[in-house]
Amino acid sequence: MTQQTAYPEQVDILVVDDTPENLRLLSSMLTHEGFYVRKAMNGQMALTAVEALVPDLILLDIMMPDMDGYQVCQQIKANPATQTVPIIFLSALGDALDKVKAFQAGGSDYITKPFQLEEVLARINHHLALKLATQRIQQLNTHLEDRVRERTAQLESAHAQLLKLALSDPLTGLANRMALIEQLEVLLHRATLTPSYQFAVLLLDCDRFKIINDSLGHESGDQLLVDIAHRLKQLLQPVAIVARLGGDEFAILTTLECHEEVLQFANQVLRTFAEPFTLQDQQIFINVSIGIAIGNATYDKPEHLLRDADTAMYHAKAAGKAQYRLFERSMHDSALRFLQIETDLRRAIQAQEFVLHYQPIICLNNGHIAGVEALVRWKHPTRGMVSPIEFIPIAEETGLIKQIGLLVLREACYQLCRWQTQGLVSPNLSISVNMSAHQFAQADLTEQVYKILHETQLDPRCLKLEITESAIMGNPRSAANILHNLRRRQIQLSMDDFGTGYSSLSYLHSFPMDNLKIDRSFIQSLNEVSSGSGLVPIIVAIAKTMNMSVIAEGIETDQQLAQLRSLNCDFGQGYLFSKPLESDEVIQLIAKNPRW
């Protein structure tokens, strides 16, 4: 018996996704379950399909060209004829802000890709059940006046059963999101009447649940969720409600008012997970990350309270998991700044707002400029130059660093080739380009580099790629293959910030590196006294032993330069020689043929 038999008429589901494989997979699964499925590959097709025939439910991808899922959802919700259609977002974006944005746009639910078909089907049936329940209640109320005397008892009983279904999680028996929101509305109303009244919401997300689910199977995963729910229900008062919000997310609503007591209670929750769970006759340990938001008269909507608890939970996970964090206003401000910079970055990539500055690299043996390092700068249309310290971490977290990195590599190669063609620089001048860990993790990285070299016609021997230790040590075997492939094309390779990451000497010999680059934090310790040179002599000795050149960055004083020369360091860069310069400025400097 399929899921579709639970509904009186065949249910019409519209699936919107710009990936044909996802459309085929979802369409096949839902058709097999007895649903009538229509498909749309972009936002405009989706709006046309909805206008032609209003579906019972919509599965909507977020990231689509031209019109994203948020915009499609907002237009559907703005139309009175379609505003009650449940919309379940499907997205590879799993950040808390993406979920908040989805619910703000009017979405009923949110499923993170790669999705499990069982979860998709369960959520579809959940929202269809809610819709069917609402319709049935409306139908019953329509006829209530005529049949009130004879049907009152039956209607009350039916209503209670439907309400219980609508407000409970079918897997764990806990309250669901709707029940939690109803209870939050009650407490927030009380807070408006009594401004001093406070309560707390704890949002829990299981750490490593997906690993357990994937390794032991979904049945065991479901059983683990049931066991977690049982433990949470054993918590003593003052717990007002324990709810499962979906997936491996739970919420606890407590009437504790004192911050210290709330934090003690959070520790109690963490201790609840200290004992192992038993699944398939083996012991399983799992932790939770907890975000805490204090409810009071400053909140007017339950959704805002849950948003802040979710933001705090995200910070708890970022801090190392198995921890709790209490929401602070600065977290929300930071999240808004993050979202704004991310939005601006996406526009900046399209508008080509990034420019390159170049910092000379000096040969310490003769004091002449041997190369330059290309450093990206963001020329924002209203804010002016934005510091890389501000936007690079966000670009890395959102994955946008991959697109930015390619833009930088292409422009750097084009620039050096133009200089060489115009006779402005020596044919031996090299250009160094930083390679992020996200770029290095791409399967087609070497093909992308080869393509850019082919496009720009730059001699591969003039290109130096700087890769951090952490990018290499994340997957040493794969890294070694990529590095060997790049080296075959005579591209020079530098290990950036050596000594600040893994520094695994047992692996270092496996990587075909040309240079070790000493981080500026080590260079700052150099002075006229040799005992203050710290790890720099050791790093230089390692490089020399392995036939690598050494590049010291962050040289700012004559004393540091003298020490590095005495240690036989090969190359250096820093403000002692020159700050990063625009292309015209660095050419003017090279033309002067300076010698330090």
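Please refer to the structure higher up on the page.
Asks: Teacher, can you tell me more about the packing of helix H16 (residues 445-456) against helix H18 (residues 476-488) here?
Replies: Packed helix pairs are specified by the crossing angle of their axes together with the interaxial distance, meaning the distance between the axes. Running from amino to carboxyl end, H16 crosses H18 at an angle of 20°, the nearest separation of the two axes being 10 Å. When the axis of H16 is compared with that of H18, the two are roughly parallel. Considering only the axes of H16 and H18, their crossing is right-handed. Between H16 and H18, the contacting residues are Leu445, Thr446, Val449 and Tyr450 on the first element and Ile482, Asn485 and Leu486 on the second.

Asks: In this structure, what is going on with the pattern of salt bridges? I would like to understand it.
Replies: A side chain with one charge can pair with a side chain of the opposite charge if their charged atoms come near. All chains considered together, the criterion is met by 24 salt bridges. Across the pair Lys517 and Glu466 runs a salt bridge, and its minimum N-O distance is 2.8 Å. Of this pair, Lys517 sits in strand S19 (residues 515-518) while Glu466 sits in strand S17 (residues 463-468); the two residues are 51 residues apart in sequence, bridging distant segments of the chain. A single burial state applies to Lys517 and to Glu466, both of which are buried. Each of Glu373, Glu466, Lys517 and Glu553 takes part in a single network of salt bridges with overlapping partners.

Asks: What exactly am I supposed to notice about helix H4 (residues 96-104) here?
Replies: Working note: α-helix, 3.6 residues per turn, so residues spaced by three or four point in the same direction. Taken together, the buried positions of H4 are occupied by Ala96, Asp98, Val100 and Ala102. Buried residues belonging to H4 abut helix H3 (69-78), strand S4 (87-91), strand S5 (109-112) and helix H11 (302-318). Residue Gly106 follows H4 closely and has a positive phi angle near 115°.

Asks: When you look at the pairing of strand S2 (residues 36-40) in this model, what are you seeing that I'm missing?
Replies: Side-chain direction in a regular strand flips from residue to residue, so the side chains alternate between the two faces of the sheet. Summarising the sheet, strand S1 (residues 12-16) and S2 pair through five bridges and their orientation is parallel. Within S2, the residue paired with Val16 across the bridge is Ala40. Considered for its hand, the β-α-β crossover made up of S1, helix H1 (residues 20-32) and S2 is right-handed.

Asks: How should the nonpolar core be read in this particular structure?
Replies: Most often, soluble globular proteins have nonpolar side chains that are buried together. Grouped together as the largest cluster of nonpolar side chains are 84 residues, with contacts concentrated most on Leu345, Phe440, Leu463, Leu465 and Ile472. Per element, the largest residue contribution to this core is 10 residues, and it comes from helix H14 (residues 401-421). Leaving out residues up to four positions away in the same chain, Leu465 has contacts with Leu409, Val433, Met435, Val449, Leu486, Ile491, Gln492, Leu493 and Ser494.

Asks: Mind showing me how you'd approach the packing of aromatic side chains here?
Replies: Aromatic ring pairs are described here by two measures, namely the spacing of the ring centres and the angle between the planes. Taken as a whole and judged by the stated rule, the model has eight aromatic pairs. For the pair Trp378 and Phe391, a centre-to-centre distance of 5.5 Å together with 80° between the ring planes defines the contact as edge-to-face. Here Trp378 is found in strand S14 (residues 369-380), whereas its partner Phe391 is found in helix H13 (residues 388-398), with 13 residues between them in sequence. Judged by its relative accessible area of 0%, Trp378 falls in the buried class. On the basis of relative accessibility, which here comes to 0%, the residue Phe391 falls in the buried class. A network of ring pairs unites the aromatic residues Phe354, Trp378 and Phe391 as a single cluster. For the cation-ring pair, Arg190 lies above Tyr197, with the distance from its terminal atom to the ring centre recorded as 4.0 Å. Residue placement shows Lys464 over the ring face of Phe571; its charged tip is 5.0 Å from the ring centre.

About the cut-offs
- Residues numbered from 1 in each chain as written.
- Predicted model: local features only at pLDDT ≥ 70, side-chain atom pairs only at ≥ 80, totals over all residues.
- Heavy atoms only, no water.
- Axes fitted to C-alpha atoms, helices over the stretch in contact; angles between N-to-C directions.
- Helix = DSSP H or I, 4+ residues; strand = E, 2+ residues; numbered from the N terminus.
- Parallel < 35°, antiparallel > 145°, perpendicular 65-115°, else oblique.
- Left-handed = near helix turned anticlockwise from the far one by under 90°.
- Contact = heavy atoms within 4.5 Å.
- Salt bridge = Lys/Arg side-chain N within 4 Å of Asp/Glu carboxyl O.
- Buried < 20%, exposed > 50% of the residue type's maximum accessible area, 1.4 Å probe, protein only.
- Pairing = 2+ DSSP bridges.
- Right-handed = clockwise from strand over helix to strand, strands pointing away.
- Core = buried A, V, L, I, M, F, W, Y, C linked by side-chain atoms within 4.5 Å.
- Phe/Tyr/Trp six-rings, centres within 6.5 Å; stacked < 30°, edge-to-face > 60°.
- Lys NZ or Arg CZ within 6 Å of the ring centre and 35° of its normal.

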